[in-house]
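Summary of structural features
The lines below spell out each chain.
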Amino acid sequence: MISNSTIEVFVNDLQLGMYISDLDRPWLETPYPIQGILIQSQHDIDELQRYCKHVYVDIDRSEPFAVQQHLSSTSHDSRSISDQDKPATVVSHESNASSHATSTVSDRSKELTSHETKSLDSLLQRVNTYSDICTAAQEIPAATKAYNIVSTLFTDISTNLECNTRINMRVAHEVVDTLRESVIRNPDAALLLAQLKTTGKELYDNAIKTSIHLLAFGRHLGLPHKELTILGLGGLLMDIGKQRLPKEIQSKRNMSLTADERKLMKQHIAYGEEIITQLSDAPEEVVKIVLQHHERENGNGYPSGLYANQLHPYARMAAIIDCYEELIWGESHIPGIKPFQALKELKDNAQNGLNYTLVEQFSQCIGMFPVGSLVELNSGEIAIILTHNRTQRFLPQIMIICDAQKKPYDLPVTLDLRIAGNNPGGVEYVIVSDLPQGAYGIDPKKYYL
């Protein structure tokens, strides 16, 4: 869709971080399965050169620094497609997060520090491209062992906090490294456990889920091993301050907190900072994740009301995952929402303070049907997503656990939808809908773990 926030750019002039909303030819004449491309690497540009001479860049959905760099390096002829008499426009992180209205490059965007530009740019330039070196089924035993070790670590950390003694960060690093290696081999195994496995303590489960999601997210972005460990450790300790809150609100979701409880909940950031700085020698990046994962790019977050160029990239990643988990899990009296709807809400929330480019990347990381989620097939049967097919995301490996009447099968059936063939009705198996956790009263843990 070409709009007044779209500029025409020759393919040779594309920059990393630009979002392509339209081509100089119909999408159906290209191999791209979806309309819309985020430029993440030189390979993306090289591929586009095979089909197009120029493309249309959506300013609102691009990284501001990418458009800025283009505008500063092109002639005065670079203009908005729909209004050739007006100069091309761009929005800052803040205005992009708060509305779709376009404006000339803001002073705040111009003041992006070189350090922040490099940090954000580095997330879009893959350092590594990870490939699965085993199947999820093969990785499950090692992932389970890593999960249990991390759970034991969190128990030890909680005991230390009760005694006000220091956290052994060397041991924590080693434990997270074990989980990291499992995610590197195949992230689906750990992601499946994050959805289905439980320690019986919600704070522990949430910490491990967040750690695994951040590790998988970092792997998707191609970050080096050392940085993945930082992300995993940050995810594990992100909400450590909640352990100093009253137990009755520790595990409550934001949507069910009263106004007074919400004020109290916000104190977990200060408690977390105190714990991390006084009782550990955590890396600075981990401290930033703890301090900033509730900040928002438009300045409407807490505790300090920071703006985009003041936020650490890893904290921006953590904010996305924190919001995602809040949306999909819900509580006993407030059910979570479907994963696809949660991703849609994250993209909508990118107008209210989340980083749109990183939200897009996270969506690609976990897929439309996240591992461990429930789906309904065209046969009416219910299945669990076991693992993704990296090149055919709509055709994952599944476990069918309930019949068309939503009654559990005595013996669940595992299928790879790429080669599954027809269902009992003689029709090819197709996923018709994702489902929220707990749909039809189904507990997928009973069928897999």
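Here is a short report on the structure shown in this document.

Criteria and cut-off values
Residues numbered from 1 in each chain as written. Predicted model: local features only at pLDDT ≥ 70, side-chain atom pairs only at ≥ 80, totals over all residues. Heavy atoms only, no water. Helix = DSSP H or I, 4+ residues; strand = E, 2+ residues; numbered from the N terminus. Buried < 20%, exposed > 50% of the residue type's maximum accessible area, 1.4 Å probe, protein only. Contact = heavy atoms within 4.5 Å. Areas by Shrake-Rupley, 256 points an atom, 1.4 Å probe, with all protein chains shown as cover. Patch = residues over 30% accessible without salt bridge, like charges linked within 9 Å, V, L, I, M, F, W, Y side chains within 5 Å. Salt bridge = Lys/Arg side-chain N within 4 Å of Asp/Glu carboxyl O. Pairing = 2+ DSSP bridges. Polar contact = N/O pair within 3.5 Å; in protein donor to acceptor, adjacent residues only side chain to side chain. Arc of directions from axis to C-beta.

**Topic: the overall build of the protein**
- The helix and strand inventory of the protein stands at 18 helices and nine strands.
- Counting only residues that meet the buried cut, the protein has 55% of its 449 residues in that class.
- Summarising the internal contacts of the protein: among those between residues at least 6 apart in sequence, 68% fall at separations of at least 24.
- Put simply, the protein shows about 19,700 Å² of open surface, and 50% of that area lies on carbon and sulfur atoms.

**Considering a nonpolar patch on the surface**
- A cluster of nonpolar residues, Phe-340, Met-368 and Phe-394, forms a patch on the protein surface that exposes about 290 Å² of accessible area.
- When you line up the elements, Phe-340 lands in helix H16 (residues 339-349).
- A relative accessible area of 41% places Phe-340 in the partly exposed class.

**Comments concerning the pairing of strand E6 (residues 382-387)**
- Taken across its six residues, E6 has six buried, putting it largely inside the fold.
- Here strand E5 (residues 374-377) folds back onto E6 in antiparallel fashion, the turn holding four residues, of which Gly-380 has a positive phi close to 90°.
- Alignment of E6 against strand E7 (residues 397-402), held across five bridges, turns out to be antiparallel. Residue pairing for E7: Ile-384 is matched across the bridge by Met-399.

**Points about the side chain of Glu-139**
- Within the secondary structure, Glu-139 sits in helix H6 (residues 136-162).
- Polar side-chain contacts of Glu-139 include one of 2.8 Å to the side chain of Arg-185.

**As for helix H13 (residues 268-278)**
- Within the span of H13, buried status applies to His-268, Ile-269, Gly-272, Ile-275 and Ile-276. One face of H13 carries all of its buried residues, which in axial projection span an arc of 125°.
- Those residues of H13 that are buried lie in contact with H6, helix H10 (225-237), helix H12 (259-265) and helix H14 (284-292).

That's the geometry; what it means functionally is another story.
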